[in-house]
Every structure is written in structure tokens, then in C-alpha cells.
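Coordinate analysis (summary)
Single-letter residue listing:
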Amino acid sequence: MKPFEVIKDVYWVGAIDWDERDFHGFEIVRGATYNAYLILDDKITLVDTVKHKFFSEMIERIKKIVDPSQIEYIISNHVETDHSGSLADIKRVAKDATIVCTQRGKDGLCKHFDCKDWEFKVVKTGDELKIGKRTLMFLEMRMLHWPDSMATYIKEDRLLLSNDAFGQHVATLERFDEEIGVDEAIKWAKIYYANILMPFGELIKKKLKEIEELGLQFDMIAPSHGVIWRNPSKIVESYAKWANFESDNKVVVIYDTMWHSTEKIARAIAEGAATKAKVRMFHIRKDAWSDIMTEILDAKAIAIGAPTMHNTVFPPMAGFLTYMKGLKPKNKIGLAFESYGWGGGAAKEINRIFKELKFETMEPLRIRYRPTKEELEKAYEIGMELGEKASG
Ligand code: FEO
């Protein structure tokens, strides 16, 4: 694939990772892109790099535009190696290039690479760098989602190179939101947000306010993953909504099962809830956790059930609970349920995690061995109650 001119003299020189399905535990069902951008100006500037295995692709794209040894600045918006992985290789070519990053960026890069001969320019929010006709302004994005993260704003073009923020994990040949459809782009951005940025809602709200106070206007937002937003207001509005955990009248039923008893309870709860609210149901060993978290993001209520094993929750569910807990969903109503044989323990553990997340909880539903007709009727009624709460 050739380099792609995003706007005059700003090129996409990144890589498309068609085959990746596991992004450090985040199941990405349609691959990913690593977007690096080359700015042609008096001082040629590369913004971010690509995962190491795609270095040769990136350098070939750059060579189609310019001699890479002429690059004078390399902006490293983020240390994580999907963006910095080719930094050492590009530095071997662009020997005199100065690396521009935050102080935490410099600290992190020097832990990943032998940086003793590298020249750095450390920047903070509001700092500017004139590269010719263009002025780059930097905006620290601390903990969005690493301490070193920042974004680069091209003032004259009103173009924000936002790194991970506003990104999507989807491999496409199209480079703009309109080309895959804005709604489709928002769908992928929501999955990305739910699985990477969900814990940072409060910081995102503060950052959006800071951007407003700085008076930054965007004609375009070009993240480091996925398509470029020609409709920046759409994604900014979506982030404001997700950061607030604005919820739909929706119940998400999540379960695992050994001998179909928990499954029967899950179905009865889902059917009851569906009389009052929208319902989504997931089996945690058959569905992508990234999809489950995306539905949890804007659900009002969550029912989670598992069999008890060795007096605690069935291990695959324990894994999912750890994943969910780390992403810190907020403002939910939680219903725990279990099938158990003697001591029990799964519902207690699930409910404990709900409480840790400060969910409003319902009395856990515990059913011994196989559910009877009467017990399934009770599960249905509890589902209705949960649906009622979700639609309220
Ligand atoms: Fe896309 Fe946090 O790296």
C-alpha cells in the first residue's frame, strides 16, 4: 500500500495488521492499524512509528515521499511498543533526528531502548514547536492511557494527531470515517473505548474540558489506530457520553455453565428481563470479552452467573471478572446467580465484585443442582424485576 496524503503534506505512513486478533488480551476481531504520520515542512517530522514487525513497510512508505535520513523530528506520543516499536530502527536511519516526547515518555523510552546517544526534546501541555510553515502544539494525555501519553496538534491545519485516544482496532484499506461509514467507525471506537479507556472516564471528561478551555478547534482527528475522523464532533460527543456511562435501558446477561444448569437460569433471567428492557446475552467462553465489555459500557443492569467449583466461582468466569473489574464499569445494577451442588460460593464472589465496583446489587440467586420448573419461574420473575430496574 502506498503512503496516503491525509491533507496537503501530511501523509499516513503506517501499517495495517490484518491478522492480529489478540491485542494484549483485548480480542480484536478485525485486526488493527498502526498509524504513523509524516509531515513535510522545513523540518521533516515523523509522528509515531509502528509495531516493530512493520518497520520495513513504514520505511518503504516514507521512502516513496522523502529520504528518511532527512527526518529531523520524531514525535513519540506514546511509549507503548505498537507506536514506539520501530523507533530504534528509524533512529538508525534518521541519525540526527530529535525525539520529542513528555518527560515520562523519555523515561519510558529509555527503559525500552538504549537511548544514551539519542537527543530528546521534552515537552508539556501548551509547548509549541515550529517546523516551518506549521506549528506543532503538544497536549499531555496523562493516563489516557499511559502516564507518558500525549497528543500533537497541528495548529495551522487544525489537525489533532491524538495517538490512542479516539482510535479503533479495525484493519481497513479506507483511511477516513466516512469511507467505512461514520456509524461503523463509532462502533469500532466504542469497542476500543470499552476495552482500553473505560477506567479513565473522569480523566477524559477533564481532558475534554481542558481542550475546550484551550480553545482548540479540530477539523480532523487522526488517531494512531483505525480511521481518521473527518467528523471529529461525532467521536468527541461519543467520548463525552461514554465517559459519563450514559446508559441504555439494557440488561446484559453473562454466564458460564458446566452441565447447562447455570445456562437454564441465565435464559430464564434473560427472558424475564426482556419483557421490560433490551437484553444481550453472552457465554464467556464462546463470545469475545471485548464485545461483552462494549455492551456493559452502556447497560443499566448486568446479571452474571456461573457454577460453583471448589467453593468459589468457576475459573473461566473468574478470569472474565478480573478483566471486567480492571475496566471499572460504573453506575450499574448487578444480579449474581449460580448453580451449586453443596457449599456454593460463585454468587458470593460475583456479588463481592459488584460491591467492589459500587454497583447497586440485588439479592443473589442461588439454585442447587438442576433448576426445577418453579425455580426457573422464580429466575424469570427476578429477571423481570431486573428489567424493570433497567428501564426505570
Ligand atoms: Fe496503541 Fe497504548 O498503544
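Everything numeric in this text was worked out from a predicted model, so none of it was measured. (Residues numbered from 1 in each chain as written. Predicted model: local features only at pLDDT ≥ 70, side-chain atom pairs only at ≥ 80, totals over all residues. Heavy atoms only, no water.)

Topic: the sheet that holds strand 15 (residues 159-163)
Quick reminder of the rule: Strands qualify as paired when DSSP identifies two bridges or more between them. Strands are runs of DSSP state E lasting at least two residues, helices are runs of H or I lasting at least four, and both sets are numbered from the N terminus onward. Under this scheme, a helix contributes an axis fitted over its contacting stretch, all axes are lines through C-alpha atoms, and angles between N-to-C directions fall in the 0 to 180 degree range.
Here we have 5 strands laid out as an open sheet, ordered 12-13-14-15-16, and mixed in their pairing. Only two strands of the sheet have a single partner each, and these edge strands are strand 12 (128-130) and strand 16 (220-223). Pairwise comparison of adjacent strand axes, ignoring direction, gives a mean angle of 20° for this sheet. Direction of pairing for strand 15 relative to strand 16: parallel, over a ladder of 4 bridges. Opposite Leu161, over in strand 16, you have Ala222 as the bridge partner.

As for the pattern of salt bridges
We apply this condition: Whenever Lys or Arg places a side-chain nitrogen within 4 Å of a carboxyl oxygen from Asp or Glu, that contact is recorded as a salt bridge. Buried residues are those whose accessible area, probed at 1.4 Å on protein chains only, stays under 20% of the maximum for their type, while exposed residues exceed 50% and partly exposed ones sit between those limits.
Tallied over the entire structure, the rule returns 35 salt bridges. The partner of Lys116 in a salt bridge is Asp114, and the shortest N-O contact between them spans 2.9 Å. Residue classification places Asp114 among the exposed positions, given a relative accessible area of 54%. Two residues, Arg230 and Glu178, come together in a salt bridge whose shortest N-O distance is 3.1 Å. One end of the pair, Arg230, is in the loop between strand 16 and helix 8 (232-243); the other, Glu178, is in helix 5 (residues 177-180), with 52 residues separating them in the sequence. Through salt bridges with shared partners, one network takes in Lys190, Lys250, Arg280, Glu295 and Asp298.

Regarding the side chain of Thr49
To be explicit about the condition: What qualifies as a polar contact is a pair of N or O atoms within 3.5 Å, subject to a donor-acceptor requirement within protein and to the restriction that residues adjacent in sequence count only when both atoms come from side chains. We call two residues in contact whenever any of their non-hydrogen atoms come within 4.5 Å of each other.
Relative to the assigned elements, Thr49 resides in the loop between strand 8 (44-47) and helix 1 (55-63). A distance of 2.4 Å separates a polar side-chain atom of Thr49 from the backbone oxygen of His83. Within the structure, Thr49 has its side chain in polar contact with the backbone nitrogen of Ser86 (distance 3.3 Å). Discounting chain neighbours no more than four positions away, the residues touching Thr49 are Asn35, Ala36, Met58, Asp82, His83, Ser84, Gly85, Ser86, Leu87 and Ile90.

Side note on the domain arrangement of the protein
As a reminder, the rule being used: Source of the domain bounds: an automatic or database domain assignment. Once two parts are joined, some of their accessible surface, as seen by a 1.4 Å probe, is lost; buried area is that loss totalled over both. Throughout, the ten residues Ala, Val, Leu, Ile, Met, Phe, Trp, Tyr, Cys and Pro are labelled nonpolar, Asp, Glu, Lys and Arg are labelled charged, and all others, Gly among them, are labelled polar.
Each assigned domain of the protein is listed here: domain 1 (4-243) and domain 2 (248-391). Averaged C-alpha coordinates put domain 1 and domain 2 at centres separated by 38 Å. Contact residues are listed per partner, giving 13 residues for domain 1 and 14 residues for domain 2. Looking at the side of domain 1 facing domain 2, the largest losses of area belong to Lys190, Asn195 and Met198, adding up to 45% of the total buried there. Across the contact surface, domain 1 and domain 2 share 2 salt bridges. Salt-bridge contacts for Lys330 lead to Glu202; the nearest nitrogen and oxygen are separated by 3.7 Å. At the junction of domain 1 with domain 2, the criterion picks out 4 residue pairs in polar contact (both at pLDDT 80 or more). Secondary structure elements with two or more residues in the side of domain 1 that touches domain 2: strand 5 (26-27) and helix 6 (182-197). Among the elements that line the side of domain 1 that touches domain 2, the one with the most residues is helix 6, at 6 residues. Tallied by class, residues from the side of domain 1 that touches domain 2 come to 8 nonpolar, 2 polar and 3 charged.

Some details on the environment of Trp12
By the secondary structure assignment, Trp12 is in strand 2 (residues 10-12). The contact partners of Trp12, leaving out residues within four places of it in the chain, are Met1, Lys2, Pro3, Phe4, Val6, Tyr34, Asn35, Ala36, Tyr37, Arg61 and Arg175. Within the structure, the side chain of Trp12 is placed 2.8 Å from the side chain of Asn35, a separation counted as a polar contact.

Notes on the state of the cysteines
Short version of the rule: Two cysteine sulfurs form a disulfide in these notes if their separation is within 2.5 Å.
Applying the stated criterion across every chain yields a total of 1 disulfide. The partner cysteine of Cys110 in its disulfide is Cys115, sulfur to sulfur 2.0 Å. Negative torsions about the S-S bond denote left-handed disulfides, and the value of about 110° found for Cys110 with Cys115 makes this one right-handed. Here Cys110 falls in the partly exposed class, since its relative accessible area comes to 28%.

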